[in-house]
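What the coordinates show
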Amino acid sequence: MNKIKILTIALIILAFKVSAESYVYITDQLDLPIRSDKEFGNNIIRLLPSGTELSLLQSTEDGWAQVQFDDTIGWIKSFYLSPDPSAREKLKKLTRSNNANKLLITKLNTEKEDLEKQLSSLKQENTNLVVQSSKSQAEKEHIEQIYQDALKLEHENEKLIQEKLQLKAELQLAENNTQIQKDTSSRNWFIVGAIVLFFGMMIGFIVPGLLNRKRF
């Protein structure tokens, strides 16, 4: 009995410290009635189950508390009230929170698996891109080498064209010199022939005259 009085006094002191809009909860002991005034009798307005949240309007020194639930305002003994939710309500709340956390964990695990799949796919794409980049780099180097070889061949081709033109010029010069030599040789032979013919004719005229003179 003394414990109940001590608990009642403590609840009253605590009740005076809270504001009119603070909340209290029916304890886990039993369902309690809200009464229309501060006395026991046929003044029960409604019954509320344990764990119900109430608005505390005021507390009196005689151990009563005026509370509000929805639109109902009435009185209830203070020692049936607690500033904390009942263990059952806490358990319900924790159970709901636990179930919500389980659903969230399941959702997060599913998202994690999807992200891991996406990561694996991106890694594979990255590997393929690295391989493709290596191939492209090799092809680029091959094309650059072909281009360098083409420039080298073009340079050599220009050099050969110049040499060909030079050879053609030298050949034309040689042909011209040969033709000149032929023309000169033909002209020389013509002159030599003319000289030989002239001396032959001279000899033809002179020798018979000399032979006739010796006879006389």
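What comes next concerns the included structure.

What counts and how
Residues numbered from 1 in each chain as written. Predicted model: local features only at pLDDT ≥ 70, side-chain atom pairs only at ≥ 80, totals over all residues. Heavy atoms only, no water. Helix = DSSP H or I, 4+ residues; strand = E, 2+ residues; numbered from the N terminus. Buried < 20%, exposed > 50% of the residue type's maximum accessible area, 1.4 Å probe, protein only. Contact = heavy atoms within 4.5 Å. Areas by Shrake-Rupley, 256 points an atom, 1.4 Å probe, with all protein chains shown as cover. Core = buried A, V, L, I, M, F, W, Y, C linked by side-chain atoms within 4.5 Å. Salt bridge = Lys/Arg side-chain N within 4 Å of Asp/Glu carboxyl O. Patch = residues over 30% accessible without salt bridge, like charges linked within 9 Å, V, L, I, M, F, W, Y side chains within 5 Å.

A separate point is the overall build of the protein chain. A count of helices and strands for the protein chain gives two helices and seven strands. Looking at the protein chain as a whole, 18% of its 216 residues are labelled buried. Restricting to contacts in the protein chain with at least 6 residues of sequence separation, those with at least 24 account for 55%. If you sum the accessible surface of the protein chain, you get close to 17,400 Å²; carbon and sulfur atoms cover 60% of it.

Right, let's talk about the environment of Q66 for a bit. Counting through the fold element by element, Q66 comes out in strand β5 (residues 64–69). Put simply, Q66 and L54 are twelve residues apart on the chain and 9.7 Å apart in space, counted from C-alpha to C-alpha. Contact partners of Q66, with chain neighbours within four places excluded, come to S55, L56, L57, Q58, I73, G74 and W75.

Among the nonpolar cores identified, the biggest contains ten residues, and these are L32, I34, L48, L54, L56, A65, V67, F69, I76 and L81. The element contributing the most residues to this core is β5, with three residues. Residues contacting A65, with those up to four places away along its chain left out, are L56, Q58, S59, G74, W75, I76, S78 and L81.

Before going further, it helps to spend a moment on the pattern of salt bridges. This model, assessed by the stated rule, comprises one salt bridge. Where D62 meets K38, a salt bridge forms, and the shortest distance between an N and an O atom there is 3.5 Å. Within this pair, whereas D62 is found in the loop between β4 (53–59) and β5, its partner K38 is found in the loop between β2 (32–35) and β3 (44–48), the two being separated by 24 residues in sequence. Note on D62: relative accessible area 42%, which makes it partly exposed. Overall, the relative accessible area of 36% leaves K38 in the partly exposed class.

This next bit is on a nonpolar patch on the surface. Together, F190, I191, I195, L197, F198, F199, M201, M202, I203, F205 and I206 make up an exposed nonpolar region whose accessible area comes to about 1,200 Å². Checked against the element boundaries, I191 lands in helix α2 (residues 87–215).

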